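# Descriptive structure summary
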Amino acid sequence: MGYAIIADDVANSLAARQRARAAHLARLEALQEQGRLLLAGPFPAVDADDPGPAGFSGSLIVAEFDSREDAERWARADPFVAAGVYAGVTVRPFRKSLPA
C-alpha cells in the first residue's frame, strides 16, 4: 500500500538539510530502484523552485510499504530526522487515483 510521509522542518533547517542531503537521497534512490517510490520532494519556504537561503519548510514522500508501521519505521530512520531537520513527521495511508 502507498503511504504519504509528510515532514515539517524546524526553523532555519537549510544547513542541517545540506549536511544530511546525500544520505537522505541515497535512501530515496534505494526506494526508487525497488520500484516503491511514487514521488518525493521538498516544500520550498518561498514561492520559487530554488528558494535560495530561505530554504525549505518540509518534505513529502509517497512510497509503497508493507504496512503503516514499516512506513513509520522507515521515516524515523531518515537522516533528516537524525540531523534535526524535521520538527515532526506524519505518516498517512495513500491511495493513488491519477494518473492511472
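Notes on the structure in this doc start here. (Residues numbered from 1 in each chain as written. Predicted model: local features only at pLDDT ≥ 70, side-chain atom pairs only at ≥ 80, totals over all residues. Heavy atoms only, no water.)

## Brief notes about the pattern of salt bridges
Which entries qualify depends on this criterion: Whenever Lys or Arg places a side-chain nitrogen within 4 Å of a carboxyl oxygen from Asp or Glu, that contact is recorded as a salt bridge. Three exposure classes are used, based on accessible area relative to the maximum for each residue type with a 1.4 Å probe and protein chains only: buried under 20%, partly exposed in between, and exposed over 50%.
On inspection of all chains with the given rule, the structure shows 4 salt bridges. Residues aspartate 9 and arginine 17 are paired through a salt bridge, measuring 2.7 Å at the closest nitrogen-oxygen approach. Each member of the pair, aspartate 9 as well as arginine 17, carries the same accessibility label: buried. Two residues, aspartate 78 and arginine 27, come together in a salt bridge whose shortest N-O distance is 3.7 Å.

## What about helix α2 (residues 68-76)?
What counts, and what does not: Only DSSP runs of H or I reaching four residues or more are called helices, and only runs of E reaching two or more are called strands; each is numbered from the N terminus. Here the arc refers to the set of directions running from the helix axis out to each C-beta atom. By the convention used here, residues are in contact when the closest approach between their heavy atoms is within 4.5 Å.
Within the span of α2, buried status applies to Ala71, Trp74 and Ala75. Considered in projection along α2, the buried side chains sweep an arc of 100 degrees and stay on one side of the axis. Against β1 (2-9), α1 (14-33), β3 (56-64), α3 (79-82) and β4 (86-94) lie the buried residues of α2.

## Here's the deal with the nonpolar core
Under the convention used in this document: Working definition of a nonpolar core: buried Ala, Val, Leu, Ile, Met, Phe, Trp, Tyr and Cys residues. They are joined through side-chain atoms within 4.5 Å.
Tyr3, Ile5, Leu28, Leu31, Ile61, Ala63, Phe65, Ala71, Trp74, Ala75 and Val91 form the largest nonpolar core, which has 11 residues in total. For this core, the elements supplying multiple residues, two or more each, are β1, α1, β3 and α2. Here this core takes 3 residues from α2, the largest share from any one element. If near-sequence neighbours (up to four positions away) are discounted, isoleucine 61 is found in contact with Tyr3, Ala4, Ile5, His24, Leu28, Leu37, Leu39, Ala40, Trp74 and Asp78. Ala7, Ala16, Ala20 and Val85 belong to the second-largest nonpolar core, a separate cluster that totals 6 residues.

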